Amino acid sequence: MTETGHPAPPPPERPRVPPDRTGLPTPGEHHSGLAVALPPHSTHCLGCGPDNAAGLNMQVRREGDTVVCDQVFDRRQVGAPGLAHGGAVAAACDDLFGFVLYLIAEPAVTRTLEVGYRRPVQLGTTYRIRARLVHREGRKLHMSAEGTDPEGTLSFDANAVFVVVDLAHFTRYGPAHFDHVFGPRPDAVRPDVTDGDPEYTCREDR
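Residues numbered from 1 in each chain as written. Predicted model: local features only at pLDDT ≥ 70, side-chain atom pairs only at ≥ 80, totals over all residues. Heavy atoms only, no water.

1. Points about the environment of A54
Working step 1: With respect to the secondary-structure elements, A54 resides in the loop between β1 (36-37) and β2 (60-63).
Working step 2: Along the chain, A54 and R76 lie 22 residues apart, while their C-alpha atoms are 7.4 Å from each other.
Working step 3: Aside from chain neighbours lying at most four places away, what touches A54 is L46 and R76. (Helix = DSSP H or I, 4+ residues; strand = E, 2+ residues; numbered from the N terminus. Contact = heavy atoms within 4.5 Å.)

2. Brief notes about the nonpolar core
Working step 1: Core analysis: the biggest nonpolar cluster contains 37 residues, and V67, F73 and F97 have the highest contact counts within it.
Working step 2: Secondary-structure elements contributing two or more residues to this core are β3 (66-72), α1 (86-104), β4 (108-117), β5 (126-137), β6 (140-148) and β7 (154-164).
Working step 3: Among the elements that take part in this core, α1 stands out by supplying 13 residues, more than any other.
Working step 4: When near neighbours in sequence (up to four residues on either side) are disregarded, F73 contacts L56, A84, A88, V89, A92, V121, L123, G124, T125 and Y127. (Core = buried A, V, L, I, M, F, W, Y, C linked by side-chain atoms within 4.5 Å. Buried < 20%, exposed > 50% of the residue type's maximum accessible area, 1.4 Å probe, protein only.)

3. Focus on the sheet that holds β3
Working step 1: Strand order in this open sheet of seven strands is β1-β2-β3-β5-β6-β7-β4, and the pairing throughout is antiparallel. At either end of the open sheet lies a strand with only one pairing partner, and these are β1 and β4.
Working step 2: Across nine bridges, the pairing between β6 and β7 is antiparallel. Residue pairing in the sheet places K140 in a bridge with V163 of β7. (Pairing = 2+ DSSP bridges.)

4. Brief notes about the pairing of β3
Working step 1: Of all seven residues in β3, five are buried, a share of seventy percent or more.
Working step 2: Inspection of the sheet shows β2 paired to β3 by four bridges, in the antiparallel sense. Looking at β3, one finds that R62 is bridged to V67.
Working step 3: In textbook terms, the turn of a hairpin is the stretch between consecutive antiparallel strands, and for β2 and β3 this stretch comprises two residues, one of which, G64, has a positive phi near 65°.
Working step 4: The pairing of β3 with β5 spans seven bridges and is antiparallel. Paired with D70 across the bridge in β5 is R128.

5. So, the environment of T153
Working step 1: Among the secondary structure elements, T153 is positioned in the loop between β6 and β7.
Working step 2: A sequence separation of 34 residues divides T153 from R119, and the C-alpha atoms of the two residues are 8.9 Å apart.

6. Details of α1
Within an α-helix, residues lying three or four positions from one another point in the same direction, as the helix has 3.6 residues per turn.
Working step 1: Counted at 1.5 Å a residue, the expected span for α1 with its 19 residues is 27 Å, and the 28 Å between its end C-alpha atoms agrees.
Working step 2: Taking burial as the measure, the 19 residues of α1 include 15 buried ones, the bulk of the element.
Working step 3: Positive phi appears at A105, one or two residues downstream of α1, with a value of about 65°. (Expected span 1.5 Å × (residues − 1).)

7. Some points on the packing of aromatic side chains
Working step 1: Inspection of every chain in the model, using the stated rule, returns three aromatic pairs.
Working step 2: Considering the side-chain rings of F99 and Y102, the 5.0 Å spacing of their centres and the 50° angle between planes classify their relative orientation as tilted. Placement of the pair is F99 and Y102 together in helix α1, with a separation of three residues, close to one helical turn.
Working step 3: Overall, the relative accessible area of 1% leaves Y102 in the buried class.
Working step 4: Each ring, one from Y127 and one from F156, has its centre 6.2 Å from the other, and the planes form 45°; the classification is tilted. Taken together, the residues span a long stretch of sequence, with Y127 in strand β5 and F156 in strand β7 at a distance of 29 residues.
Working step 5: A residue is classified by how much of its surface remains accessible, and Y127, at 2% relative accessible area, is buried. (Phe/Tyr/Trp six-rings, centres within 6.5 Å; stacked < 30°, edge-to-face > 60°.)

In short, geometric facts, not functional conclusions.
Right, here's the structure in full:
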């Protein structure tokens with residue numbers, strides 16, 4: 001109550017501070033093509049987490065409608081002597097596809113991943129990996145990636161299908177904060193996304 005006996009006016013509403021999406025698009029936005037560093041998926045992500053001592057420590061940037069990483073595999077990822085393990089190469093591709101989702105501005109999960117090993121991937125050599133969205137089919141995101149050596153020779157490539165899911169898919173298994181990537185979204189499951197593991201199955205495949 002005020003001194004005059006009238007109800008006090010409600011406090012002014014605090015302005016909502018939007019998440020920091022510097023360099024990240026809104027869906028359908030055209031990008032200028034300038035390189036923009038992208039934030040890691042999480043601090044302990046196997047592919048890009050800066051606090052994961054056993055990870056790949058990928059540093060990814062956006063270039064136009066693609067995402068790019070200059071990756072050096074080291075002795076922690078050794079397979080045959082002097083060469084990167086095929087699983088490490090696959091992990092790098094899979095993680096980079098996760099950055100394509102930043103451009104789409106929707107969360108998704110890997111459904112299929114196919115890697116073609118064209119040449120030996122040497123430890124201590126910088127490989128440029130570039131990934132992009134090829135086309136979308138409902139909730140299915142078809143993506144491709146290529147890894148080239150310092151001379152520009154194709155060393156490996158990959159194709160993947162990701163399936164769009166709700167953010168609740170991730171928060172159900174542990175604390176996950178993706179506002180910096182996708183912006184805040186309600187936890188309610190969308191009508192086209194089912195509960196539990198069936199999220200990996202698109203409706204048209206049932």
